[in-house]
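Structure at a glance
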Amino acid sequence: LKHCASLPIGCFACPRSSPTSTGHMASMDVDAPAVAAPPPASRMNFQLFQQAPAGAAVQVGGRLAVAEGEAYTLSTTDGGSLRVLSPAGPPPADAAAGSFVEVVGTKVGATEMQCTGFVALPAGEVDAELWEEAVKLMHMPQLRDMFQPRQQD
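Now for a description of the structure that goes with this document. Each chain carries its own residue numbering, running from 1 in the direction its sequence is written. Given that this is a predicted model, residues contribute local features only at a pLDDT of at least 70 and side-chain atom pairs are listed and counted only at 80 or more, while totals for whole chains, interfaces and linings are drawn from all residues. As a rule here, side-chain values come from all non-hydrogen atoms in the structure, and water together with hydrogens is ignored.

1. Thoughts on the nonpolar core
Grouping buried Ala, Val, Leu, Ile, Met, Phe, Trp, Tyr and Cys residues that are joined through side-chain atoms within 4.5 Å yields what is termed a nonpolar core. Relative accessible area decides the class of each residue, using a 1.4 Å probe on protein chains only: under 20% of the type maximum gives buried, over 50% gives exposed, and in between gives partly exposed. Core analysis: the largest hydrophobic core is formed by 23 residues, its most contacted members being V60, L74, V84, V103 and M113. By the criteria applied, helices consist of DSSP H or I runs no shorter than four residues and strands consist of E runs no shorter than two, each listed in order from the N terminus. At the level of secondary structure, the elements contributing two or more residues to this core comprise α1 (46-51), β2 (57-64), β3 (71-76), β4 (81-85), β5 (100-109), β6 (112-120) and α2 (128-138). Among the elements that line this core, the one with the most residues is β6, at 4 residues.

Set out below in structure tokens:
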């Protein structure tokens, strides 16, 4: 297995992802019902975003535009435009304006989402048409199970 520090976005739980840490986290028993994990964000395009209920966990790919205060504009792969509220701060440096990113967050309005994180894709061209088709396939009833997270034993 790759260590989480080798991932492009690192790992929130592992201190080895931090350049200032030196060890692994100690394991501990946790009462699973007491610690409810948030639902996984569903990848979607603008059309699917508009159909999602307010408060839904979402993950939308597209090109990021220049910031307007604490808000950004995301041009989605299907030609839509979302206002991305990011009070936590700017996207990572490798997610410059015009680059392809996935924005993870919560839907707060018909064309607005609250950002909890940005995932910057490696530099280079992203085939937005292929991305769009993959997102559509993820939401087809016949294929949906193939894209759902699996329960760990």
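2. Notes on α2
Along α2, the residues that are buried comprise W131, E132, V135 and M138. Within α2, the buried residues cover an arc of 120 degrees as seen down the axis, which keeps them to one side. Exposed positions of α2 whose direction lies more than 90 degrees from the buried face are E129 and L130. What makes two residues a contact is simply this: any of their non-hydrogen atoms within 4.5 Å. In the core, the buried residues of α2 are packed alongside β1 (42-44), α1, β2, β5 and α3 (144-147). With a side-chain oxygen positioned 3.2 Å from the backbone nitrogen of E129, the residue opening α2 is D127. The arc in question is the one traced by the directions running from the helix axis out to the C-beta atoms. Each polar contact in these results corresponds to two N or O atoms within 3.5 Å; when the atoms are within protein, one needs to be able to donate a hydrogen and the other to accept it, and residues that are neighboring in sequence are counted only if both atoms are side-chain atoms.

3. Re the pattern of salt bridges
Basic side-chain nitrogens of Lys or Arg form a salt bridge, by our definition, when they fall within 4 Å of a carboxyl oxygen of Asp or Glu. Counted by the stated rule, this structure contains 4 salt bridges. A salt bridge links E112 to R83; the nearest nitrogen and oxygen atoms lie 2.8 Å apart. Separated by 29 residues along the polypeptide, E112 in strand β6 and R83 in strand β4 bring together distant segments of the chain.

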